[in-house]
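Below are the chains, spelled out letter by letter.
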Amino acid sequence: MLIPDNVLKRLLRNVYFILGDGAAVADELGRRYGFFVYHTCQYRHIHHKNADPEFHPELSRDVPDFFALDPEDAMQMESGVVHDFTPMVIMDLIRLAAKYDKVICENDIDIDSIIKIVSHAVTVSGYKVWDGFIERYENAIRSRDVSEDEKERLIRKLHSVWGDGKPESPRGTMQYGIKQILLDEHSTVEQTADTVAEYFGLPCVS
């Protein structure tokens, strides 16, 4: 079923997208305003169960240990998984937007698929964007039964492909102009929530 973008945008007009490292900020805004907070990462296992290999090739992959993959394959898989589950997320959000006055959608979503139907979006970028992901992947590589030279090669590739966890201008900002909010070691969840709320035009509440 194909739904025109203008119809989807109308259905999702009260959905606020927080991309990047914004889980705590989304929860704080949900607490303040009583919004329903939808963390896409929490629904991955459901989307995986509903995936059809014909239409969701990456989401359907059976990978016992993600950290055993080559870093480039892992990146391609992650991107593919997000692309595959984004239509499922959109259907969830349409249902939730009909039930709640406002909804926050936080975490991974395929920006190319949704940019034309989004009314409110920001990216929150912190100094630990991957929340220990790089360190976990490094440790997994170092525990592999391969030579030290191969381990160092894979670790260099890891950083080349995934970065080092420091904030950069995300593609959504560079390509589509989505506002980026940078965090530093002094940023608090409350302050960042204030900034996001102001950008979204939400009323000031404590």
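Shown above is the structure to which this text applies.
Residues numbered from 1 in each chain as written. Predicted model: local features only at pLDDT ≥ 70, side-chain atom pairs only at ≥ 80, totals over all residues. Heavy atoms only, no water.

Visitor: Can you break down the nonpolar core residue by residue, with the values?
Guide: Residues Phe17, Ile90, Leu93 and Tyr137 are the most contacted members of the largest nonpolar core, which totals 40 residues. Sorting the residues of this core by element identifies strand S1 (15-20), helix H4 (71-99), strand S3 (103-106), helix H5 (111-114), helix H6 (133-142) and helix H7 (148-162) as the ones contributing at least two each. With 12 residues, H4 is the largest single contributor of residues to this core. Once residues lying within four places of it in the same chain are set aside, the contact partners of Phe17 are Leu93, Cys105, Ile109, Ile114, Val118, His120, Ala121, Val122 and Phe200. (Core = buried A, V, L, I, M, F, W, Y, C linked by side-chain atoms within 4.5 Å. Buried < 20%, exposed > 50% of the residue type's maximum accessible area, 1.4 Å probe, protein only. Helix = DSSP H or I, 4+ residues; strand = E, 2+ residues; numbered from the N terminus. Contact = heavy atoms within 4.5 Å.)

Visitor: So what's going on with the pattern of salt bridges? Residues and values would help.
Guide: The full count for this structure, using the stated rule, is 13 salt bridges. A salt bridge links Arg32 to Asp194; the shortest N-O distance between them is 2.7 Å. Of this pair, Arg32 sits in helix H2 (residues 23-33) while Asp194 sits in helix H9 (residues 189-200), and the two are 162 residues apart along the sequence. The residue Arg171 makes a salt bridge to Asp112 at a minimum N-O spacing of 2.7 Å. In this pair, Arg171 sits in helix H8 (residues 171-176) while Asp112 sits in helix H5, placing the two residues 59 residues apart along the sequence. (Salt bridge = Lys/Arg side-chain N within 4 Å of Asp/Glu carboxyl O.)

Visitor: Pulling in residues and values, what's your account of the pairing of S3?
Guide: Side-chain alternation along S3 places Val103 and Cys105 on one buried face and Ile104 and Glu106 on a second face that is also buried. Two strands pair when backbone bridges link them, and S1 and S3 are joined in this way by four bridges, in the parallel orientation. Its bridge partner lying in S3, Tyr16 is registered against Ile104. When strand S2 (residues 36-39) meets S3, the two strands line up parallel, connected through four bridges. Counterpart to His39 in the pairing with S3 is Glu106. (Pairing = 2+ DSSP bridges.)

Visitor: Residue-level account of H4, with values.
Guide: Along its 29 residues, H4 runs 40 Å from first to last C-alpha, staying within 8% of the 42 Å computed at 1.5 Å per residue. In the structure, H4 departs most strongly from a straight axis at Thr86, where the bend amounts to approximately 35 degrees and where the proline Pro87 lies between one and four residues downstream. The opening residue of H4, the one whose side-chain oxygen lies 2.9 Å from the backbone nitrogen of Glu72, is Asp70. (Expected span 1.5 Å × (residues − 1). Bend = angle between axes of the 7 residues up to and from the residue. Polar contact = N/O pair within 3.5 Å; in protein donor to acceptor, adjacent residues only side chain to side chain.)

Visitor: Tell me about the sheet that holds S1, and name the residues and values.
Guide: Across a sheet, strands are paired by hydrogen bonds formed along the backbone, either parallel or antiparallel in direction. Across the sheet, five strands lie side by side as S2-S3-S1-S4-S5; this open sheet has parallel pairing. At either end of the open sheet lies a strand with only one pairing partner, and these are S2 and strand S5 (179-182). On average, each strand axis in the sheet is tilted by 25 degrees relative to the strand beside it, whichever way the strands run. In this fold H9 packs onto S1, strand S4 (120-125) and S5, with an angle of close to 155 degrees to the strand it touches most, S4. (Axes fitted to C-alpha atoms, helices over the stretch in contact; angles between N-to-C directions.)

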